[in-house]
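# Chains, contacts and geometry: an overview
So you can see what is in the structure, the chains are spelled out below.
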Amino acid sequence: MAPVTGESLKSELEMFDIPCQDDSVLDKMVEQCICNRIQADEMVLEWVAYSTTKNGLKLTMDALEQFEHEVLNKKSKSKQSFRKEETHNRTRDIHSLQDLIRAEEEEENLLDSYSTPAKGSQKRALTTPEHPQSKRSAAILASPGLLLSPASFSPSATPSQKYGQRGGKGEVVVTFGAVQGTRWAGRKALGAGVRLELLEGSEDSLSSSYKYMFQRLRDVRNVLTEKIEELGEGLKTHFNIEEFSPVSLPAQDSITVLGQVCCDSNGKLNAQSVLLEAGPEQGGQQVPVDLSELKEYSLFPGQVVVMEGMNTTGRKLMASKLHEGVPLPFYSSEVKMETDEEPTNVLVACGPYTPSDSLTFDPLLDLISVIVRDRPDVCLLLGPFVDSKHDQIEKAQVTETFEAIFSRCVESIVDGTKSVGCRLVFVPSQRDINHHFIYPQPPFTLPNLNKDQAQRVTLVPDPCTLLVDGVTFGLTSTDILFHMGAEEISCGTGSDRFSRILKHMLTQRSYYPLYPPVEEVNMDYEKYQSFGQMPLTPDVLIIPSELRYFVKDVIGCVCVNPGRLTKGQVGGTYGRLLIQRSAAPDDGKRVSPCLAAQVVKI
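Figured I'd write up the structure that's included with this text.

Conventions we followed
Residues numbered from 1 in each chain as written. Predicted model: local features only at pLDDT ≥ 70, side-chain atom pairs only at ≥ 80, totals over all residues. Heavy atoms only, no water. Helix = DSSP H or I, 4+ residues; strand = E, 2+ residues; numbered from the N terminus. Buried < 20%, exposed > 50% of the residue type's maximum accessible area, 1.4 Å probe, protein only. Areas by Shrake-Rupley, 256 points an atom, 1.4 Å probe, with all protein chains shown as cover. Pairing = 2+ DSSP bridges. Axes fitted to C-alpha atoms, helices over the stretch in contact; angles between N-to-C directions. Contact = heavy atoms within 4.5 Å. Arc of directions from axis to C-beta. Core = buried A, V, L, I, M, F, W, Y, C linked by side-chain atoms within 4.5 Å. Phe/Tyr/Trp six-rings, centres within 6.5 Å; stacked < 30°, edge-to-face > 60°. Parallel < 35°, antiparallel > 145°, perpendicular 65-115°, else oblique. Left-handed = near helix turned anticlockwise from the far one by under 90°. Nonpolar A, V, L, I, M, F, W, Y, C, P; charged D, E, K, R; others polar. Salt bridge = Lys/Arg side-chain N within 4 Å of Asp/Glu carboxyl O. Expected span 1.5 Å × (residues − 1).

Below, the discussion takes up the overall build of the chain. If you tally the helices and strands in the chain, you get 16 helices and 22 strands. Looking at the chain residue by residue over its 602 residues, the buried ones come to 47%. In the form shown here, the chain has an accessible surface area of approximately 30100 Å², with 51% of it arising from carbon and sulfur atoms.

The structure is reproduced here in structure tokens:
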């Protein structure tokens, strides 16, 4: 390794045409090379990359200090951690692991006391735990063999204190329908006779993994165009519209236009930034929309709408009327209903199934106890089961593979509910770290289940439409409520935001109508066109969210947000429903098959 000199650095800088007349600057660079053990050419390359990101930063002493702080310090730290990783990869017993952890903690504490915190490190300081014990040591101090073992199903070292001390266990927080005197128990022994299947059938549903990250912009455009045309046909028929006008054609009379709502920039939609983008049949142009004459509206990016108004110049549409969409019909069964048929009891729970400060599955064990006590006919369990946002998983502090943790989790649910014999439906989530990070998401694969277990378990994709004893359930584990709530704008509607968003989903006939999707949703548009749309308006829509739990009737569809089983370090909620397919009444008026529903604290 040749020694770094001022001359060698100067010649490397001249190669990139970077002027440097100040000897003190060169001396500082030599010092940085020696301290960080890098050669002159590597040093100059790092500087060129850094200065380019800072809009051509000049080579000065202040700039070099900033460069050292933001680039070189991090680089040397990553080298140290890499060397540590190599030494740690050897097989060790539990005692040597504990010694290593203690030594690393002491070293980290010593370094922290001398170093100045960088801008990025402030985020860590905001999440300091109440009891400042290292989470890494907490995860491994118990024997690694005990971690999620079938007997205890959780590391016995650090169960969540806050979860254990929670109040209001079993408290009903939301009720819907005729809950007075309702018996929340299953009707059949060992789940016999519950008809449960995907509405589209297994052949037409997303049943296996697929290749993604290959979509072209042209294909995305085609999917969006077809969506505009399909919803436009429904609006045209429903509102008796003769034809749609091109959005950017100047006209002195009132015109009716069809298009997709979008924003004029990358920011959040507001009343001044609304654009209407027409499909190819209407010219494919975008035109700004003035909403000032509309008394009420509710809009979000990606929404297909029909607007009436004036566009005298061709450059701005003065909207005077808005048609937002028409829902699909409900499911109608040809099978006749038996008069003495009892209601079906359905339990709904959504992950995560562990508190955020511990990888103990105590909330899941409590849920299994509830299932054994209430004996529901069907349990709808939505992910995440192994949450990618869990602190210990983000910091790689687990001692088993994610697949092994997931398999244990599912086996415990299946074995724990064996005496009940209920049907179990598993819906994946994009937060499941052991599964495909794509939307629509294929179902889980569980090759280790035996024949008896597999008969009770149904693996479905996200999203899907499920048929349970003749009642349709729309299921999605993606938090569309949260995503659309951040983007939707409204004026004078008089309804609450949840009802508006749910109505948009039903009238846009999609489980994820937002376009563009949020960054954390990786959308495959060709599969979305096939598997992300609603084939009909479901009787019950299960839509778990970080937002507050609820049960609402929205244009005839009972929409349930059961909440999450854990909220941070404390217990969350689950939902339960009584459903019964109702015979068609004589007057033709539909009766909701959801007799009663509740959201209950775990």
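Here we come to the sheet that holds strand β1 (residues 172-177). The seven strands are arranged β1-β22-β21-β9-β10-β11-β12 in an open sheet whose pairing can be described as mixed. The open sheet has two edge strands with one neighbour each: β1 and β12 (457-459). Taking each pair of neighbouring strands and ignoring which way they run, the sheet shows an average axis angle of 15°. For β1 and strand β22 (residues 594-601), the ladder comprises five bridges, and the chain directions are antiparallel. Of the residues in β22, the one forming a bridge with V172 is V600. Of the strands in this sheet, β9 (344-350), β10 (378-382) and β21 (573-579) touch helix α10 (residues 362-374), which is tilted by about 25° from β21. Together, β10, β11 (423-427) and β12 form the strand contacts of helix α12 (residues 402-416), whose direction differs from that of β11 by roughly 160°.

We now examine helix α1 (residues 6-15). For α1, the complete set of buried residues consists of L9, E12 and L13. With its buried residues spanning 100° around the axis, α1 presents them on a single face. Away from the buried face of α1 by more than 90 degrees, exposed residues E7, E14 and M15 are located. Positioned one or two residues after α1, D17 has a phi angle of 55°, which is positive.

Bringing the sheet that holds strand β14 (residues 471-475) into the picture now. Strand order across the open sheet formed by six strands is β2-β13-β14-β16-β18-β17, with mixed pairing between neighbours. Lying at the two open borders of the sheet, with one neighbouring strand each, are β2 (196-198) and β17 (550-554). Across the sheet, the mean angle separating the axes of adjacent strands is 25° when strand polarity is ignored. Here strand β13 (residues 464-468) runs beside β14; their pairing, made up of five bridges, is antiparallel. What sits directly across from V468, in β14, is V471.

Mapping V521 onto the fold places it in the loop between α15 (497-508) and α16 (525-531). Residue V521 is classed as buried on the basis of its relative accessible area of 6%. Distance in space between the C-alpha atoms of V521 and Q430 is 7.8 Å, their sequence separation being 91 residues.

The next subject is the nonpolar core. L367 and L381 are the most contacted members of the largest nonpolar core, which has 35 residues in total. At the level of secondary structure, the elements contributing two or more residues to this core comprise β9, α10, β10, α12 and β11. In terms of residue count, the dominant contributor to this core is α12 (six residues). When sequence neighbours within four positions are dropped, the list of residues in contact with L381 reads A349, Y353, L367, I413, L424, V425, F426 and V427. The next biggest cluster of nonpolar side chains, apart from the first, holds 31 residues, and it includes L196, V346, L382 and C464.

The next point concerns the packing of aromatic side chains. Enumeration over the complete set of coordinates arrives at 13 aromatic pairs. Seen from their ring centres, F385 and F406 are 5.9 Å apart, and the 70° between their planes marks the pair as edge-to-face. Remark: F406 occurs in helix α12 and F385 occurs in the loop between β10 and α11 (391-394); sequence separation between them is 21 residues. Like F406, F385 is buried.

Interaxial distance between α10 and α12 falls to 10 Å at its minimum, and their mutual angle equals 20°. It follows from the interaxial angle that α10 and α12 lie roughly parallel. In the packing of α10 onto α12, the handedness of the crossing is right-handed. Contacts between α10 and α12 pair L364, I368 and V372 from the former with C409, S412, I413 and G416 from the latter. Considering only residue class, the contact of α10 with α12 consists of five nonpolar, two polar and no charged.

Right, let's talk about the pattern of salt bridges for a bit. For the structure on display, the rule yields 19 salt bridges. We note a salt bridge from E488 to R500, for which the minimum N-O separation is 2.6 Å. One end of the pair, E488, is in the loop between α14 (480-485) and β15 (489-491); the other, R500, is in helix α15, and twelve residues separate them in sequence. R500 matches E488 in its accessibility class, with the two residues each being buried. What emerges from the salt-bridge pattern is a single network uniting D387, R431, E546, R564 and K567.

Attention shifts here to helix α9 (residues 217-238). Look at α9: 32 Å from first C-alpha to last across 22 residues, which is about the 32 Å you get at 1.5 Å a residue. Three or more residues of α9 are buried, namely D219, V220, V223, L224, T225, K227, I228, L231, G232 and L235. Elements that come into contact with the buried residues of α9 comprise β3 (251-263), β4 (274-277), β7 (304-311), β8 (317-323), α15 and α16. Within two residues after α9, N240 carries a phi angle of roughly 50°, on the positive side.

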